[in-house]
Amino acid sequence: MNPRREALLWVAQRATAVVLAFCVLVHLATIIYAVRGGLSAAEILGRTRGSVAWAAFYVLFVVAVAIHGAIGLRAVAAEWLGLRGKSAEWLMTGVGCALAVMGLRAVVAVFG
Amino acid sequence: MTTLRVRVWRGGRDGRFEAFEVPRGQSQTVLDVVTHIQRHLDPTLSYRFACRVGMCGSCAMTVNGTPRWTCRTHVDKVAKGGALEIGPLANLPVVKDLVCDMRDFFDKWARARGQFSPTATKADDFARVRPDSRPRLEADAGIECIGCGVCYAACDVVAWNRDYLGPAALNRAWTLVNDVRDGGQGARLAAVAGDAGCHACHTLMSCTEHCPKALSPTRAISGLKRATAAAVLSLPGDESP
């Protein structure tokens, strides 16, 4: 066990939790606002297409999810599956990368 | 005189509960019940106690599913329908009957660097620590632990992760982190960081709920999380044991 890395991962998970709290609120508020105006693909794309601000917001959201989720699943794998050490590190990295790639693809799709 | 139906754990890990009938008494404690069984019904019953007044912390057992000091637990309070089930503390190897092997528990205090590391010599004057200073207040909040193991038995994270240092050892480490005379802080923070240390705690608060001294190891562990976060770049970055 590497104490500095373990503590850094904990800090990263707490820091991304703060980002997620903000992002989820903005995301939900937008959905509720959008539904009131009639929810449609055209309206969503109308808002996000070409908008650097929305693209930046969702890039931040996706990166926070990837980091936060991966670290959390690592702890679940350790406690519930007894998966620790190198195998858990690979699982965490894989899940984090997969979440980031899938999320960023979606961001590109609604921005472009 | 009414009687209590008591089921008591017998044997080691693969043991079983054995039923006894014990006369009810006034102001009877669970320890009184166990003592009655050992003195009058079955002298081979093994259990630990010493002070009988909540000072030594040696008589902790699982009473109707909950870890408690048996000497400070009145039968009235816990015997639902006149029935008691008494077992050894959870999360520790059973030696025999109600006796646990406490070695893991205390070894973890040492692994959490629960030893005071002095910095002064006898040539130095007494350290002056203001009673109302924040570190002194934080240390005071956790210092009364007597090492009974109730929090350790109550902790789910200990059950999931055998290496987890546990609430009592981390509480001890936090009192020393707040001891301004102590010189072992770097090694201590490194020892309590990570998967076996404070970062494994999920803040379930069973330790705080069950502590017979009404201490809050959860608060201590939160303090260690803050302290390790503040010192994160000075923690050792290599694979330590």
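Residues numbered from 1 in each chain as written. Chains lettered and ligands numbered in written order. Predicted model: local features only at pLDDT ≥ 70, side-chain atom pairs only at ≥ 80, totals over all residues. Heavy atoms only, no water.

Asks: So what about the sheet that holds strand E3 (residues 60–63) of chain B? Which residues, and what values?
Replies: Residue and element names in this part refer to chain B. Strands sit in the order E2-E1-E5-E3-E4 across an open sheet of 5 strands; the sheet is mixed. Two strands lie at the open edges of the sheet, namely strand E2 (16–23) and strand E4 (66–69), each paired on one side alone. Mean inter-strand twist for the sheet, computed between neighbouring axes without regard to direction, equals 35 degrees. Summarising the sheet, strand E1 (residues 3–10) and E2 pair through 8 bridges and their orientation is antiparallel. Considered in E2, the bridge of Thr-3 is made with Pro-23. (Pairing = 2+ DSSP bridges. Helix = DSSP H or I, 4+ residues; strand = E, 2+ residues; numbered from the N terminus. Axes fitted to C-alpha atoms, helices over the stretch in contact; angles between N-to-C directions.)

Asks: Lay out the pattern of salt bridges with the relevant residues and their values.
Replies: Residues and elements named next belong to chain B. In this structure the tally under the stated criterion is 20 salt bridges over all chains. The salt bridge involving Arg-10 is made with Asp-42; its shortest N-O contact spans 2.7 Å. Of this pair, Arg-10 sits in strand E1 while Asp-42 sits in the loop between helix H1 (30–41) and E3, placing them 32 residues apart in sequence. Using a relative accessible area of 10% as the deciding quantity, one classes Arg-10 as buried. Here Arg-136 and Asp-140 are joined by a salt bridge, their closest N and O atoms 2.5 Å apart. Remark: Asp-140 and Arg-136 occur in helix H4 (residues 134–142); sequence separation between them is 4 residues, near one turn of the helix. Taking the relative accessible area as the measure of exposure, Arg-136 reaches 32% and is therefore partly exposed. Ionic contacts of the salt-bridge type, sharing partners, join the residues Arg-10, Glu-18, Asp-42, Lys-96 and Asp-97 into one network. (Salt bridge = Lys/Arg side-chain N within 4 Å of Asp/Glu carboxyl O. Buried < 20%, exposed > 50% of the residue type's maximum accessible area, 1.4 Å probe, protein only.)

Asks: Break down the domain arrangement of chain B for me, with residues and values.
Replies: Residues and elements named next belong to chain B. We note that the domain assignment places domain 1 (3–100) and domain 2 (103–234) within chain B. Domain 1 and domain 2 are separated by 30 Å when their C-alpha centres are compared. Between domain 1 and domain 2, the contact holds 13 residues from the first and 16 residues from the second. Across the domain 1/domain 2 interface, buried area totals approximately 1100 Å², and carbon plus sulfur atoms make up 66% of it. Three residues, Pro-67, Trp-69 and Asn-91, lead the burial of domain 1 against domain 2; their summed loss comes to 54% of the area buried on that side. Where domain 1 packs against domain 2, one counts 0 salt bridges. Put simply, domain 1 and domain 2 have 4 residue pairs in polar contact (both at pLDDT 80 or more) between them. (Domains from an automatic or database assignment. Contact = heavy atoms within 4.5 Å. Buried area = accessible area lost by both parts, 1.4 Å probe. Polar contact = N/O pair within 3.5 Å; in protein donor to acceptor, adjacent residues only side chain to side chain.)

Asks: Let's hear about the packing of aromatic side chains: which residues, and what values?
Replies: A complete count under the given rule lists 12 aromatic pairs over all chains for this structure. For the ring pair B:Phe106 and B:Trp109, a centre distance of 6.1 Å and an interplane angle of 50 degrees mean the geometry is tilted. Taken together, the positions of B:Phe106 and B:Trp109, both in helix H3 (residues 103–111) and 3 residues apart, correspond to about one turn of that helix. Accessibility expressed as a relative area gives 17% for B:Trp109, which makes it buried. An aromatic cluster is present here, built from A:Phe22, A:Trp54, A:Phe57, A:Tyr58 and A:Phe61 joined pairwise through their rings. (Phe/Tyr/Trp six-rings, centres within 6.5 Å; stacked < 30°, edge-to-face > 60°.)

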